[in-house]
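Residue-level structure breakdown
Letter by letter, the chains look like this.
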Amino acid sequence: MTTLFLVVAVAEVAVALPLLLRMAVGPTVGDRAVALNAFSAQATLSLLLFSAFASRTIYLDVALWTSSFSYLGTLVWARLLERELL
Amino acid sequence: MREVVVGLLCAVGLFFSLSGAVGVWRMPDLYTRIQASTKTITLGALPVLVALVVGTGVLTPYTSRAVLVAFLLLVLNPAASHAVARASYKTGTPQWKGAVAHEPDREQPS
């Protein structure tokens, strides 16, 4: 069971490789923000599964902070694009 | 038995995550990329979170964090994607040439 969690945790990041490509070449800032948002969701899932693999519940809080603050980052980029932040 | 359920749920989640990532990479413009990402993030994350709960047991710290992360993904992720789409549309990000509706000058209901 724990090995399965590790395999899925690695695979969750591996399937998000096209998001990294889009983040690298994305023609507009919005493309990069969308790819970053999706990738941080995948990273959150990977952290949750890794904490179940390693039996360390402290990683769960890292995943919780990642999921909540990636939203703030995407929202800040959107407001900055809209010229309402500054 | 429990391993089979966890494996199946993780396979469903990984399939939708992969399809969303490929959609973000292959779609022609920003708006279709947002559409590909938001649907598949929620649909790819929730089966994996259910698999985590099934695999670790119900009354554990994993369950409470899985429920919290599921709530955050379900509520905040559409809001963030909507904000990015609105900002990009207002600042004139070009659409795909096959798009059939583009009405930036239309009066917005306030």
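Heads up: the structure comes first, above all this text.
What comes next concerns the included structure.

Looking now at the overall build of chain A. The helix and strand inventory of chain A stands at four helices and zero strands. Scaling as 2.2 N^0.38, a compact globule of 86 residues should have a C-alpha radius of gyration of about 12 Å, whereas chain A reaches 15 Å, well beyond that. Across its three principal axes, chain A shows a C-alpha extent of roughly 50 × 25 × 10 Å. Within chain A, contacts between residues at least 6 apart in sequence are counted, and of these 50% link residues at least 24 apart.

Time to look at the overall build of chain B. Helix and strand content of chain B: three helices and zero strands. Secondary structure elements of chain B occur, N-terminal to C-terminal, as α-α-α. In terms of C-alpha radius of gyration, chain B reaches 18 Å, well past the compact-globule figure of 13 Å for 110 residues. Counting only C-alpha atoms and orienting by the principal axes, one finds that chain B spans roughly 55 × 30 × 15 Å. Here chain B holds 110 residues, and 36% of them are scored as buried.

Let's shift gears to the interface of chain B and chain A. Taken residue by residue, the interface counts 41 residues in chain B and 39 residues in chain A. Looking at the side of chain B that touches chain A, the elements that each hand over two or more residues are α1 (2-26), α2 (30-56) and α3 (61-90) of chain B. Among the elements that take part in the side of chain B that touches chain A, α3 of chain B stands out by supplying 17 residues, more than any other. For the side of chain B that touches chain A, a count of residues per class yields 26 nonpolar, eleven polar and four charged.

By size, the foremost hydrophobic cluster in this structure holds 49 residues, and its most contacted members are Ala38, Leu48 and Leu49 of chain A together with Val48, Leu52 and Val84 of chain B. Broken down by secondary-structure element, the contributors of at least two residues to this core are α1 (2-14), α3 (29-54) and α4 (58-81) of chain A together with α1, α2 and α3 of chain B. The element best represented in this core is α3 of chain A, accounting for twelve residues. Those residues in contact with leucine 48 of chain A that lie beyond four places of it in its chain are Leu60 and Ala63 of chain A together with Leu52, Arg65, Ala66 and Val69 of chain B.

Before going further, it helps to examine the environment of glutamine 95 of chain B. Residue and element names in this part refer to chain B. Along the polypeptide, glutamine 95 turns up in the segment after α3. We classify glutamine 95 as partly exposed; it has 17 C-beta atoms within 10 Å. Taking C-alpha positions, glutamine 95 is 6.0 Å from aspartate 29, a pair spaced 66 residues apart along the chain. Ignoring any residue separated from it by four or fewer positions in sequence, one finds glutamine 95 in contact with Asp29, Tyr31 and His102.

Procedures and definitions
- Residues numbered from 1 in each chain as written.
- Chains lettered and ligands numbered in written order.
- Predicted model: local features only at pLDDT ≥ 70, side-chain atom pairs only at ≥ 80, totals over all residues.
- Helix = DSSP H or I, 4+ residues; strand = E, 2+ residues; numbered from the N terminus.
- Rg over C-alpha atoms; globule rule 2.2 N^0.38 Å.
- Contact = placed C-beta atoms within 7 Å.
- Buried ≥ 20, exposed ≤ 12 C-beta atoms within 10 Å, placed from the backbone.
- Nonpolar A, V, L, I, M, F, W, Y, C, P; charged D, E, K, R; others polar.
- Core = buried A, V, L, I, M, F, W, Y, C linked by C-beta atoms within 7 Å.

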